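Observations on the model geometry
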Amino acid sequence: SGFNFGGFGLTANPAVNFNIGNFGVSTTSTPPFNFGNSLASAGAFGGFGTTTTTAGPAFSFSAPTNTGTSGLFGAAQNKGFGFGTSFGTGTGTGLGSGLGTGLGFGGFGTQQQQTTLGSGLFSQPAQTPAQSNQLINTASALSAPTLLGDERDAILAKWNQLQAFWGTGKGYFNNNIAPVEFTQENPFCRFKAVGYSLMPNNKDEDGLVVLVFNRKEIDIRSQQQQLVESLHKILGGNQTLTVNVEGVKTMPDDQTEVIIYVVERSPNGTSRRVPATTLYAHFEQANIKSSLQQLGVSLSMARTELSPAQVKQLLQNPPAGVDPIIWEQAKVDNPDPDKLIPVPMVGFKELLRRLKVQDQMTKQHQTRLDIISEDISELQKNQTTTMAKIAQYKRKLMALSHRTLQVLIKQEIQRKSGYAIQADEEQLRVQLDTIQCELNAPTQFKGRLNELMSQIRMQNHFGAVRAEERYYIDADLLREIKQHLKQQQEGLSHLISIIKDDLEDIKLIEHGLNESIPIRGGVFS
């Protein structure tokens with residue numbers, strides 16, 4: 001037989017069989033927590049054995065005398081709250097890995113935890129009486145409760161430790177003192193972390209004030225003018241004041257952040273922005289704040305940069321419930337100390353809130369990237385259209401230039417008709433003939449053109465063989481090729497006729513030489 005504690009399924013005295021779903025299992029006792037006074041009482045908690053335990057004082061500077069039997073979360077001995085030997089020792093096999101720094105109570109860790117008083121909860125230099133009493137009560141509830149006066153106080157201490165670790169519940173430790181309320185801000189809560197937030201860089205003269213509305217962004221944007229008029233009425237309806245909206249941003253949980261500033265115009269015509277601190281102080285007045293709440297404003301804050309002294313003070317003083325060592329490590333790990341500042345994250349709600357904000361920012365970034373991508377696509381389309389129009393206008397300009405040149409040629413011909421050719425015109429004609437000869441030279445441009453045409457034909461032939469496609473030559477180009485080949489044929493015919501004439505001349509010279517040789521021989525004989 002055994003018992004079950006909230007799902008942990010831990011075994012204790014075999015003589016007892018019960019379930020602790022609630023500490024109030026007794027129906028006859030008057031204290032808040034009564035686990036029964038005898039093993040024989042039916043339906044009540046009979047204890048963990050027959051050993052009698054004498055509870056030590058709740059807060060003592062000597063070695064505690066409270067000894068307990070087997071604990072609920074492991075074989076741990078509760079030694080009370082004493083500074084004589086150590087500040088809580090014990091061996092545990094239950095939940096978590098100990099308290100880390102500060103107070104070590106054992107029982108919840110996988111190893112023996114032993115820490116002394118030095119840099120934990122009680123190392124704060126100044127404590128008010130209320131805070132001191134709260135700390136003493138918390139320590140008593142976690143280490144040495146005196147609610148029942150037997151070994152069950154050790155189990156209650158471990159239950160209080162579990163609640164403190166979780167950051168919720170009430171810690172009962174004395175019949176005459178109210179229980180300790182455990183929140184996630186207590187120094188023993190394990191669900192804490194440190195994140196980083198971007199510091200604002202706006203000056204007080206910019207006058208930016210943030211208003212958080214419990215309404216969706218689409219509603220705010222659709223009624224933005226009415227919102228501005230309502231804020232102007234809240235400011236007194238002064239004609240010298242003008243309310244302006246700097247930006248609207250969506251926030252999680254159907255909330256919207258609206259950034260505003262107020263411009264004040266003086267009678268001489270000059271204008272200035274109302275400082276952010278002045279505007280925020282005005283919004284924080286009781287009557288103004290109630291009017292803003294009627295508009296749906298849940299939060300207002302001034303967006304101003306922190307002074308170096310404020311940043312130094314925030315960094316030097318760890319937030320409540322955050323271990324100084326963790327805080328120092330967070331400052332060291334800050335990726336950008338000039339722009340980011342460490343902030344504590346306590347509990348799952350804060351982590352969920354930051355996660356929602358991160359998701360919201362990611363969606364906004366993605367939306368902005370989509371808009372930029374669409375703009376780039378539109379610009380690429382415009383660029384393609386513009387390049388096509390430029391090419392078209394170039395062709396049109398070339399055609400117009402040729403037409404203009406033809407008109408000028410005809411006009412010049414008519415103007416020069418009836419006149420003799422002048423010297424400069426003769427020189428120009430010679431230059432044109434030279435250019436024409438260079439173009440018609442076989443080793444010059446026409447030869448290269450013929451070579452290129454041959455390569456084009458070969459490529460077309462090979463391409464047609466590979467792709468089984470047929471290519472056609474433009475009619476104008478074909479006509480030019482025919483004209484060029486005709487000129488080549490005429491040149492070859494002319495060259496052949498010249499060679500034939502030269503051969504005939506050579507034969508005639510040869511014949512004349514043969515006839516003159518016998519005449520010379522007869523003379524000398």
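Read on for a plain summary of the structure. (Residues numbered from 1 in each chain as written. Predicted model: local features only at pLDDT ≥ 70, side-chain atom pairs only at ≥ 80, totals over all residues. Heavy atoms only, no water.)

1. Thoughts on the overall build of the chain
A count of helices and strands for the chain gives 12 helices and 11 strands. For the chain, the proportion of contacts with a sequence separation of at least 24, taken over those separated by at least 6, is 54%. Here the chain has roughly 34900 Å² of accessible surface; of this, 56% comes from carbon and sulfur atoms. (Helix = DSSP H or I, 4+ residues; strand = E, 2+ residues; numbered from the N terminus. Contact = heavy atoms within 4.5 Å. Areas by Shrake-Rupley, 256 points an atom, 1.4 Å probe, with all protein chains shown as cover.)

2. With respect to helix H5 (residues 276-283)
Turning to H5, its buried residues are Ala276, Leu279 and Phe283. Seen end-on, H5 carries its buried residues on one side only, within an arc spanning 70°. Where H5 is buried, its residues touch strand E6 (209-213), strand E8 (255-265), helix H6 (286-294) and strand E10 (297-302). (Buried < 20%, exposed > 50% of the residue type's maximum accessible area, 1.4 Å probe, protein only. Arc of directions from axis to C-beta.)

3. Some thoughts on the environment of Ser300
Counting through the fold element by element, Ser300 comes out in strand E10. Placed 42 residues apart in sequence, Ser300 and Val258 show a C-alpha to C-alpha distance of 9.6 Å. Not counting the four nearest positions on each side in its chain, Ser300 is found in contact with Val210, Leu211, Tyr280 and Glu284. A polar contact is formed between the side chain of Ser300 and the side chain of Glu284, at a distance of 2.9 Å. (Polar contact = N/O pair within 3.5 Å; in protein donor to acceptor, adjacent residues only side chain to side chain.)

4. Thoughts on the packing of aromatic side chains
Given two aromatic rings, one states the distance between the centres and the angle between the planes to describe the pair. For the structure shown, the criterion picks out three aromatic pairs. Aromatic side chains Trp166 and Phe348 sit 6.5 Å apart centroid to centroid with 45° between the ring planes, which places their arrangement in the tilted category. Within this pair, whereas Trp166 is found in helix H2 (residues 152-166), its partner Phe348 is found in helix H9 (residues 347-416), the two being separated by 182 residues in sequence. Classification of Trp166 as partly exposed rests on a relative accessible area of 47%. Looking at Phe348, the relative accessible area reads 48%, which means it is partly exposed. When the centroid spacing of 4.8 Å and the interplanar angle of 45° are considered together, the rings of Phe191 and Phe348 count as tilted. Of this pair, Phe191 sits in the loop between strand E4 (180-181) and strand E5 (192-198) while Phe348 sits in helix H9; the two residues are 157 residues apart in sequence, bridging distant segments of the chain. Within the aromatic cluster, the residues linked to one another by ring pairs are Trp166, Phe191 and Phe348. Over the face of the ring belonging to Phe165 we find Arg190, whose NZ or CZ atom lies 5.8 Å from the ring centre. (Phe/Tyr/Trp six-rings, centres within 6.5 Å; stacked < 30°, edge-to-face > 60°. Lys NZ or Arg CZ within 6 Å of the ring centre and 35° of its normal.)

5. A closer look at the nonpolar core
For soluble globular proteins, the rule of thumb is that nonpolar side chains tend to be buried together. Of all hydrophobic cores here, the largest spans 22 residues; its most connected members are Leu211, Leu231 and Phe283. Looking at this core, the elements that each hand over two or more residues are E6, helix H4 (224-234), strand E7 (241-251), E8, H5 and H6. Apart from residues lying up to four places away in sequence, Leu231 is in contact with Leu211, Val243, Ile260, Leu292 and Leu295. Membership of the second largest hydrophobic core comes to eight residues, among which are Ala141, Leu142, Ala164 and Phe173. (Core = buried A, V, L, I, M, F, W, Y, C linked by side-chain atoms within 4.5 Å.)

6. Brief notes about the pattern of salt bridges
Scanning the entire structure with this criterion turns up 14 salt bridges. Here Arg429 makes a salt bridge to Asp433, at a shortest N to O gap of 3.2 Å. Taken together, the positions of Arg429 and Asp433, both in helix H10 (residues 423-440) and four residues apart, correspond to about one turn of that helix. A relative accessible area of 36% means that Asp433 is categorised as partly exposed. Because the salt bridges share partners, they merge into one network encompassing Lys249, Glu257 and Arg303. (Salt bridge = Lys/Arg side-chain N within 4 Å of Asp/Glu carboxyl O.)

7. A word on the side chain of Asp153
Here Asp153 shows up in helix H2. Although Asp153 lies buried, it forms no salt bridge, and the closest oppositely charged side chain, Arg152, sits 6.8 Å away as judged by the N-O distance. Within the local environment of Asp153, its side chain forms a polar contact with the backbone nitrogen of Gly149, the two atoms lying 2.9 Å apart. Look past the residues within four positions of Asp153 in its chain and what remains in contact with it is Pro145, Thr146, Leu147 and Leu148. (Lys, Arg positive; Asp, Glu negative; His and termini not counted.)

8. Quick word on unusual backbone geometry
Positive phi, normally seen in glycine, also occurs at Asp253, with a value near 60°. Within the element layout of this structure, Asp253 appears in the loop between E7 and E8. The phi angle at Asp254 is positive, at roughly 60°, despite the residue not being glycine. Within the secondary structure, Asp254 sits in the loop between E7 and E8.

9. Some details on the pairing of E8
With eight of its 11 residues buried, E8 lies for the most part within the structure. Here five bridges tie E6 to E8, and the two strands are oriented antiparallel to one another. Bridged to Val209 within E8 is Ile260. By the bridge criterion, 10 bridges tie E7 to E8 in an arrangement that is antiparallel. Residue pairing in the sheet places Val243 in a bridge with Val262 of E8. Counting the residues that bridge the hairpin from E7 to E8 gives three residues, and of these Asp253 lies at a positive phi of roughly 60°. Here E8 folds back onto strand E9 (residues 271-273), and the loop between the two strands holds five residues, one of which, Gly269, carries a positive phi near 100°. (Pairing = 2+ DSSP bridges.)

10. Things to note about a negative patch on the surface
Among the surface-exposed residues, Asp370, Glu374, Asp375 and Glu378 lie close enough to one another that they form a single negatively charged patch. Here Glu374 is to be found in helix H9. (Patch = residues over 30% accessible without salt bridge, like charges linked within 9 Å, V, L, I, M, F, W, Y side chains within 5 Å. Charge placed at Lys NZ, Arg CZ, Asp CG, Glu CD.)

11. Details of a nonpolar patch on the surface
On the surface, a cluster of nonpolar side chains totalling about 460 Å² of accessible area is made up of Leu428, Leu432, Ile435, Leu439 and Phe445. Looking at the nonpolar patch, the element that brings in the most residues is H10, giving four residues. Checked against the element boundaries, Leu428 lands in helix H10.

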